[in-house]
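Architecture and fold: a report
Next come the chains, spelled out residue by residue.
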Amino acid sequence: MQDFGENIQQAHNEKLGRHLVAAINIEPGDTLLEERPLLVAPHWECHQLKCAQCLQESYVMCRRCQVFPLCMDCGQHDDFECEFFASGAGKAICKDILVKNYGICGLLKLLLLLDNPETKGDCQGLVETPINLSDYRDGEGMWQEHEELVVRPLMESGLVAVLPAQQLTSDTLHAHCIRIDSNSFEVTARDGDTLKGVFVCGASLPHSCVPNTVVALDEQFNMKLYAAVCLQPGDIIYNSYTNPLMGTSQRQHQLRLSRRLECSCSRCLDPTEMGTHMSSMKCRECEGGFSVCEIEPNGRLGDWRCPDCGALLTAAEVHELQAEVGAALVEARGELQVYESLLTQYGPLLHPNHFMLLDIKQNIASILRAAALMNSMEQPCKKLLARRVELCSDLLPVCRAVVPGISKLYAIGLFEYLLALVELVELQFAESDLNKKEYAHLRTASLVAKEAMDLLRFEPENSAEGYLSDRIAMELERIESDLKKYGR
C-alpha cells in the first residue's frame, strides 16, 4: 500500500509513538512516501449514490450484486465486494442497504476489506490504532453523526451476523468510524465532488501547524508526500491537519475535535503566530498597539495583553467579539457590500492580518473574481479590479509566512494575484491609461507566474495542482508574448 523512500526510516518515542524521521539530508521536493489509499468513499452525510469504481454520480446498480452503484462507463467493481453480496455471506442482506443508508458506504468497504484474506493485512495498521471511545462519546456531534448515519443502520442491516469473525459491536463500529475520519485526506472525484481517502501511513503522521512536508494527490487518489524544506537526519516528518489560515485558538479547537490532541508546535507557542499576528487585537488603550494572546506555561491560551502598554483584554472578551464577527459572516450571504461593511466595522478592532479579516477579504476577492468570470460587470470597473488586486496582495505575505518552503497555499495565492493583476493592467491599457512603456508592469506578473510554477513543479501532472501549473504556464506565455510584442 505504501512505499517508503530510502531517505526516511521508522522511529518510536513515548510522546509520538511510531513515526517517521529523516534518514539522510533531504532537499525540498524530495519524495518521502508514496501511498495508495486503503479505500476512498463519500462523506458520511452523502446521500447521492456514487459509482463503486470511479466514484462519480450513479443511478444504476451492479447487475450481479445489486447492492453497489455503477455508472454507465464502469462495467464492474471490486470482485470480493460484488461476490460477497451476489453469492457469498451477504447474499441474504437487503439489496437496498446502500440505497436506504448510503452513509454506511465507507465503513462497509472497510469491513469487506477486513473480511477479504487478500486485503486484511493492509488494514492492520489502521484497525490496530487504539481508540479511547470515552474521549468521543460526549463529543460535539461526531459520535451522534456516526451513530445515526452509520452505526445504527449497519447494526440493523443484519451485516453484523454475517461477519462473525470480526465480532462486531456498536462500539467496534464507532471505533472504525473514528479511525476512518482520523486517517483521511479530502480527495476530489473527476466530477468535482469531495470524498475521503483513507491513508494508513500518510494520514497518521504527527501534526504540526508548521509542516515540513507537502501532500500531493493525483486523479487516481494516489498520494505522494515530499519535503517542503530541507531536512536533516533525525528530523521528525510532520504533516498538518488544520487550515493554516485559521488563528491558533481555532486550529487547536479543530484538532481537539478531530484528533483529540493538543498542539504545542512553534506557531501555537508564538503569540504573534510567526509574526503574522493572525489572532492579535487592536489595543484599546494605546494608539498603534496590538494585544497578543498570552501563552500559559502548560501551553494553554490565556488572555490578550498589549506588549507596549500592558493593557489587558480578557479571553472572554476576545471570544465574544470573534463569535460576533463569525455570526455576521454567516449573515453576509455572499453580498459584496455587506462584506465591505464588515471590514469597515471590525477593521479598527482587529489586526489587519487577523484571520477573520482575512476571511472577509477572501470572500470579497472571490465575489469579484466570480463577477469577472460571469461577465456580470458589463463594463469592468477599474476600481473594482484594483480592489481585487489589493485584496490578493494583502493575503500573500500571510500565506508565505504560515507555510514555509514549498507551499501550495502560497502558489494558489500567487495565481489569484496574477489573474487579478493581468486583468487590471490589460483593461488600463485598453482604455489608454497605460502607454507601451508602462505596459511592462506585466513583467511583475511574469515574475509572479514563474514563482508560482516553481512552487508547483513537484506536483503530479494529473493532479489539480498539476493542471493549475499548466494554466499558469499558458498565462505566462501570453504575458511574455505581449511584452515582446511591445518591445519591452
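Above this text is the structure in question.
As a starting point, this report considers the structure included with it. Computed from a prediction, not measured in an experiment: that's the story for all the values here. (Residues numbered from 1 in each chain as written. Predicted model: local features only at pLDDT ≥ 70, side-chain atom pairs only at ≥ 80, totals over all residues. Heavy atoms only, no water.)

Next up on the list: the overall build of the protein. Each helix and strand in the protein was counted, giving 15 helices and 13 strands. At 25 Å, the protein has a C-alpha radius of gyration in line with the 23 Å of a compact globule built from 488 residues. The principal-axis extents of the C-alpha atoms in the protein amount to approximately 75 × 55 × 50 Å. Expressed as a percentage of its 488 residues, the buried residues of the protein come to 49%. Sequence separation of 24 or more characterises 62% of the internal contacts of the protein that already satisfy a separation of 6 or more. (Helix = DSSP H or I, 4+ residues; strand = E, 2+ residues; numbered from the N terminus. Rg over C-alpha atoms; globule rule 2.2 N^0.38 Å. Buried < 20%, exposed > 50% of the residue type's maximum accessible area, 1.4 Å probe, protein only. Contact = heavy atoms within 4.5 Å.)

Now for the environment of L39. By secondary structure assignment, the location of L39 is in strand 5 (residues 39-41). A sequence separation of 182 residues divides L39 from F221, and the C-alpha atoms of the two residues are 9.5 Å apart. When sequence neighbours within four positions are dropped, the list of residues in contact with L39 reads G106, K109, L110, L113, K196, G197 and V198.

Here the focus is the pattern of salt bridges. In the structure shown here, the tally under the stated rule is 25 salt bridges. Of the charged contacts, one joins E81 and K109 as a salt bridge, the two residues approaching to 3.3 Å between their closest N and O atoms. One end of the pair, E81, is in helix 1 (residues 79-86); the other, K109, is in helix 3 (residues 105-115), with 28 residues separating them in the sequence. Each member of the pair, E81 as well as K109, carries the same accessibility label: buried. Two residues, E262 and R256, come together in a salt bridge whose shortest N-O distance is 2.7 Å. Residue classification places E262 among the partly exposed residues on the basis of a relative accessible area of 43%. (Salt bridge = Lys/Arg side-chain N within 4 Å of Asp/Glu carboxyl O.)

What follows concerns the sheet that holds strand 10 (residues 281-282). Spatially, the four strands line up as an open sheet ordered 10-11-12-13, and their pairing is antiparallel. Each edge of the open sheet is held by one strand with a lone partner, namely strand 10 and strand 13 (312-313). As defined by bridge partners, strand 10 adjoins strand 11 (residues 290-295) across two bridges and the pair is classed as antiparallel. Counterpart to K282 in the pairing with strand 11 is F290. Across the sheet, helix 9 (residues 315-332) touches strand 10, strand 12 (301-305) and strand 13, and the angle it forms with strand 12 is around 90°. (Pairing = 2+ DSSP bridges. Axes fitted to C-alpha atoms, helices over the stretch in contact; angles between N-to-C directions.)

Between its terminal C-alpha atoms helix 15 (residues 464-485) stretches 32 Å, which fits the 32 Å expected from 22 residues at 1.5 Å a residue. Within the sequence span of helix 15, burial applies to E465, G466, L468, S469, I472, E475, L476, I479, D482 and L483. In the core, the buried residues of helix 15 are packed alongside helix 13 (408-430) and helix 14 (442-455). (Expected span 1.5 Å × (residues − 1).)

Attention now goes to unusual backbone geometry. Backbone geometry at F221 places phi at a positive 70°, although glycine is not the residue there. If you trace the backbone, F221 turns up in the loop between strand 8 (213-217) and strand 9 (223-227). By relative accessible area, F221 is classed as buried at 11%. In the Ramachandran plot, R333 falls in the positive-phi region, its phi being about 50° despite a non-glycine side chain. Considering the arrangement of structural elements, one finds R333 in the loop between helix 9 and helix 10 (336-346).

Okay, the packing of aromatic side chains next. Counting across every chain of the model gives six aromatic pairs. Here F84 and F85 contribute two aromatic rings whose centre-to-centre distance is 5.0 Å and whose plane-to-plane angle is 85°, an arrangement assigned as edge-to-face. Feature note: the residues F68, F80, F84 and F85 constitute an aromatic cluster, connected by ring pairs. Taking NZ or CZ as reference, R259 lies 3.5 Å from the ring centre of Y241, over its face. In this structure, R260 packs its charged tip against the face of Y136, placed 4.1 Å from the ring centre. (Phe/Tyr/Trp six-rings, centres within 6.5 Å; stacked < 30°, edge-to-face > 60°. Lys NZ or Arg CZ within 6 Å of the ring centre and 35° of its normal.)

The subject of this paragraph is the side chain of Q322. Note that Q322 resides in helix 9. A relative accessible area of 7% means that Q322 is categorised as buried. Those residues in contact with Q322 that lie beyond four places of it in its chain are S249, Q250, H354, F355 and M356.

With that out of the way, let us pick up the pairing of strand 2 (residues 8-13). Each regular strand shows side chains that alternate between the opposite faces of the sheet. Pairing analysis gives six bridges linking strand 2 to strand 3 (residues 17-22), with the strands arranged antiparallel. When the sheet's bridge partners are listed, I8 is paired in strand 3 with A22. The loop that links strand 2 with its antiparallel partner strand 3 comprises three residues.

Glancing now at the packing of helix 13 against helix 14. Where helix 13 meets helix 14, the axes come as close as 9 Å, and the angle between the chain directions of the two elements is 160°. The orientation of helix 13 relative to helix 14 falls into the category roughly antiparallel. Handedness of the helix 13/helix 14 crossing: left-handed. Contacts between helix 13 and helix 14 involve Y410, A411, L414, Y417, L418, L421, V422 and V425 from the first element and L442, T444, A445, V448, A449, E451, A452 and L455 from the second. Each residue belonging to the contact of helix 13 with helix 14 can be placed in one class, and the counts come to 14 nonpolar, one polar and one charged. (Parallel < 35°, antiparallel > 145°, perpendicular 65-115°, else oblique. Left-handed = near helix turned anticlockwise from the far one by under 90°. Nonpolar A, V, L, I, M, F, W, Y, C, P; charged D, E, K, R; others polar.)

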